[in-house]
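Observations on the model geometry
Here are the chains, one letter per residue:
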Amino acid sequence: MKDKIEEIKKEFREKISGVKNLNDVNELKVNYLGKKGAISELTTYLKELPNEEKKDFGKLLNELKTEVSSVIEEKIKSYEELALNEKLKNESIDVTLPGTKIKSGAPHILEKIIEDIEDVFMSMGYDVVDGPEIEEDKYNFEMLNIPKGHPARDAQDTFYLSGDEILLRSQTSPVQIRTMLSKGGKEPVRMICPGKTYRRDDDDATHSHQFVQIEGLLVDKAVSLSDLKGTFEVLAKHLFGSHTEIRLRPSYYQFTEPSVELDISCFKCKGEGCSLCKNTGWITVCGAGIVHPNVLRNCGYDPSIWTGFAFGFGAERLAMLKYGIGDLRVFYQTDLREVDAFDRREQEND
């Protein structure tokens, strides 16, 4: 049996000296130390030996097992360290290289200008109010002093859903009506209502059947056009720069009297005349006016006590002006290249 141990020891030393990689070492480990390996098989002979020989044989067997285990573990450690060094060499990182730029999401340019306008008006004490997009005729037209038969009711302009009573709102003015009604004609109102509106219109560079309108309303005592002018001036200077001038021109709307168009001085040519302002030096931004007495009465306010002003403009138009966008349709496209263009325009304006 001693000769058998020496034979296995000699055989192992020859084979371990010829291994070339980690797989070879693991194979030797199985062949000699595994459950069916050469060393494990030697233990089966213990029961066949006389008691006086078992002690010596067990000692020699343990020495063989210890030697084989030690050599194999050393070889495994050596090859694993070699593999790690090779991996580190091949995967080395040059810390002097610039970092990889990870693109992060950013607000849509239209959403950004809406939030910007909301911030301006909230700083002046206005509430931001929302309302239903599927609206009743009485809120969208009748209570706004737009009677039956008015051109704005024409089916070519409005999306009717059920007869002539239920429709997709063509303006966010119904939110103003609902807000005034909720006050019972007893409290002041100071609000803006941004939201989607719908009209039968062609989809082209400057028109869309869906667009975002931002309307505002202030109802209180002794409100005049000068209050409207001052409010609009704050917004215009915030959006287009402190050098921006404003003007009011007479106009006509069913729900305001008097009614005005609000213009800003052309920020591109500084009032000298260019293609953007059609050589007038001015750009029309929105319509506005003093709330019509009939509208106040419809909502429970006594026009002899309460007055107010209202205004409305398209968020897309403001964004097109501010960021030099020539086609309204790009706001609703899913082309990520347009988003990159928005980011560049925003950086240029900042």
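Just above, that's the structure.
Predicted model only: the values in this text are computed from it and were never measured. Counting restarts for each chain: residues are numbered from 1 in the order of the written sequence. Note on the predicted model: pLDDT of at least 70 is required for a residue's local features to be given, and 80 or more for side-chain atom pairs to be given and counted; whole-chain, interface and lining totals, by contrast, use all residues. Calculated side-chain values reflect all of the structure's heavy atoms, with hydrogen atoms and water omitted.

1. So, a negative patch on the surface
Formally: By definition, no residue in a patch forms a salt bridge, and every one has over 30% relative accessible area; like charges are joined within 9 Å, nonpolar side chains (Val, Leu, Ile, Met, Phe, Trp, Tyr) within 5 Å. Computed by Shrake-Rupley with a 1.4 Å probe, the accessible areas treat only the displayed protein chains as cover when residues are assessed. When a carboxyl oxygen of Asp or Glu is within 4 Å of a side-chain nitrogen of Lys or Arg, the pair counts as a salt bridge. The convention is simple: Lys and Arg are positive, Asp and Glu are negative, and His and the chain ends are not counted. Here the site of a charge means NZ on Lys, CZ on Arg, CG on Asp, or CD on Glu. We count a stretch as a helix when DSSP gives it H or I for four or more residues in a row; a strand needs E for two or more, and each element gets its number in order from the N terminus.
Residues D3, E7, E11 and E14 make up a contiguous surface patch of negative charge. Along the chain, D3 falls in helix 1 (residues 2-17).

2. Here we look at helix 2 (residues 22-33)
For an α-helix the count is 3.6 residues per turn, leaving residues at separations of three or four pointing the same way. The line we're drawing: Helices are assigned an expected span. That span is 1.5 Å times one less than the residue count. Relative accessibility under 20% of the residue-type maximum defines a buried residue, over 50% an exposed one, and the middle range a partly exposed one, all with a 1.4 Å probe and only protein chains included. What the arc describes is the spread of directions from the helix axis to the C-beta atoms. N or O atoms within 3.5 Å of each other form a polar contact, as long as, within protein, one can give a hydrogen and the other can take it, and as long as residues adjacent in sequence are counted only when both atoms are side-chain atoms.
Compared with an ideal rise of 1.5 Å per residue, which puts 12 residues at 16 Å, helix 2 spans 16 Å between its outermost C-alpha atoms and is within 8% of the ideal. Those residues of helix 2 that fall on the buried side of the exposure criterion are V25, L28 and Y32. Seen along its axis, helix 2 keeps its buried residues to an arc of 60 degrees; they face one direction. Of the exposed residues in helix 2, those oriented more than 90 degrees away from the buried face are N23 and V30. You can read the cap of helix 2 off the contacts: a side-chain oxygen lies 3.1 Å from the backbone nitrogen of N23, and it is on N21.

3. As for the packing of aromatic side chains
Put simply, the rule reads: Only rings of Phe, Tyr and Trp enter the pairing, Trp through its six-membered ring, and a pair is recorded when the two centres are within 6.5 Å. The plane angle decides the type: under 30 degrees is stacked, over 60 is edge-to-face, the rest tilted. Note on criteria: charge over ring means Lys NZ or Arg CZ within 6 Å of the ring centre, with the direction from the centre no more than 35 degrees off the ring normal.
The final tally for this structure, using the stated rule, is six aromatic pairs. With centroids separated by 6.0 Å and ring planes inclined at 10 degrees, the aromatic side chains of F311 and F313 adopt a geometry described as stacked. By the burial criterion, F311 is buried, and F313 matches it. These aromatic residues form a ring-pair network of at least three members: F121, Y126, F309, F311 and F313. Seen from the ring of Y139, R178 lies directly overhead, with NZ or CZ sitting 4.1 Å from the centre.

4. Things to note about empty space enclosed by the protein
Note the following rule: Note on definitions: the grid is 1 Å and covers protein atoms alone; a cavity is a set of points where a 1.4 Å probe fits but cannot get out; a pocket is an open set with protein on both sides within 12 Å along at least five of seven lines; lining residues have an atom within 4 Å of a point. Grid points are joined across faces, edges and corners, and a volume is the space filled by probe spheres set on the points. Polarity classes work like this: nonpolar for Ala, Val, Leu, Ile, Met, Phe, Trp, Tyr, Cys and Pro, charged for Asp, Glu, Lys and Arg, and polar for all others, with Gly in that last group.
A full pass over the atoms with the stated rule returns one cavity of 30 Å³ or more. In this structure, the largest cavity encloses a volume near 40 Å³. If you go around the largest cavity, the residues you meet are F121, L228, T231, F232, L235, L262, C286, F309, F311 and F313. Elements represented by at least two residues in the lining of the largest cavity include exactly helix 8 (225-240) and strand 10 (307-314). Class assignment of the residues belonging to the lining of the largest cavity gives a composition of nine nonpolar, one polar and no charged.

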